[in-house]
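In case you want the letters, here they are:
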Amino acid sequence: MSRITALTIDELRERGVDVSPFLKDFAELPGSVATLGYRPDILQGTLALWQAVMGAGTLPPELKYLAGYLASMSAGCLYCSAHTASNAAHGAGTEKVAAVWDYERSPLFSEAERAALRFAQLAGQAPSGVRDEDVAALKLYYSDEEIVELLSVVALYGFFNRWNDSLAIPLEATPLSFARQHIAAHGWEAGNHG
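Values in this document were obtained by computation on a predicted structure and should not be read as measured data.

Reading the values: rules and limits
Residues numbered from 1 in each chain as written. Predicted model: local features only at pLDDT ≥ 70, side-chain atom pairs only at ≥ 80, totals over all residues. Heavy atoms only, no water. 1 Å grid on protein atoms, 1.4 Å probe; cavity = no way out; pocket = protein on both sides within 12 Å on 5 of 7 lines; lining within 4 Å. Points joined across faces, edges and corners; volume = space filled by probe spheres on them. Helix = DSSP H or I, 4+ residues; strand = E, 2+ residues; numbered from the N terminus. Nonpolar A, V, L, I, M, F, W, Y, C, P; charged D, E, K, R; others polar. Salt bridge = Lys/Arg side-chain N within 4 Å of Asp/Glu carboxyl O. Buried < 20%, exposed > 50% of the residue type's maximum accessible area, 1.4 Å probe, protein only.

Peer 1: Honestly, empty space enclosed by the protein in this entry has me stumped. Any pointers?
Peer 2: In this approach, a probe sized like a water molecule rolls over the atoms, and the result shows the empty space that is left. Inspection of every chain in the model, using the stated rule, returns 1 cavity of 30 Å³ or more. Within this model, the largest cavity holds a volume of roughly 200 Å³. Along its surface, the largest cavity is lined by 18 residues, and F26, P30, S32, W50 and F160 are the ones closest to its centre. Secondary-structure elements contributing two or more residues to the lining of the largest cavity are α2 (20-25), α3 (31-36), α4 (40-54), α6 (78-92) and α10 (144-166). Counting residues per element, the lining of the largest cavity draws most heavily on α4, which supplies 4 residues. The class makeup of the residues in the lining of the largest cavity is 13 nonpolar, 4 polar and 1 charged.

Peer 1: How do you make sense of the pattern of salt bridges when you look at a structure like this?
Peer 2: Scanning all chains against the criterion turns up 9 salt bridges. Across the pair D10 and R13 runs a salt bridge, and its minimum N-O distance is 3.7 Å. With D10 and R13 both in helix α1 (residues 9-14) and 3 residues apart, the pair spans about one turn of that helix. On the accessibility criterion, D10 (51% relative accessible area) is exposed. The partner of E133 in a salt bridge is R131, with the nearest N and O atoms 3.5 Å apart. Residue R131 is classed as partly exposed on the basis of its relative accessible area, which comes to 42%.

Peer 1: Please explain unusual backbone geometry as it appears in this structure.
Peer 2: Generally, phi is negative for residues other than glycine and the peptide bonds are trans, each holding for most cases. Going from A126 to P127, the amide bond is cis rather than trans, its omega being -5°. You can see P127 is positioned in the loop between α8 (111-123) and α9 (132-139). The backbone of A168 sits at a positive phi, close to 50°, despite the residue not being glycine. Checked against the element boundaries, A168 lands in the loop between α10 and α11 (173-182).

What follows is the structure in structure tokens.
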């Protein structure tokens, strides 16, 4: 149970919040939106950041979601891990999501993806585990703009990791079901989000 009451869609609308942009990327309204809605100005800022990071740029969306999954698991956020894995499967497929913890060896991943996923996993740790050689490996495949985009994904999920874990936001049905089916074998459990 959430530590603060999530606002309903009608309550969000009464506060001037248009929920349609959030339902573009998610099957159900995320609990983070329903709680951030207490401060529509912060929610709007968050939406703008979300759209700039996840909706724009040159990195493939499935790579961004896989990076968000590894970063969120590294940070210990089970809520965001379920969401990012579920969203990654739309573009990458469930086989690639299931193999992501073996990205260093799996033939499903290119060397460029390995460098990006390694960076995301290390950047998701506290303190950050990123070393000079990890950035050097990234620079073999990605421009400075793309590295900024990748780190923005990790940082964006850092915000949501803290938000969802601190408020014990319950997982919605779609990511919860996906996580139980596809990532539980990799140490995922619902924890305080179930």
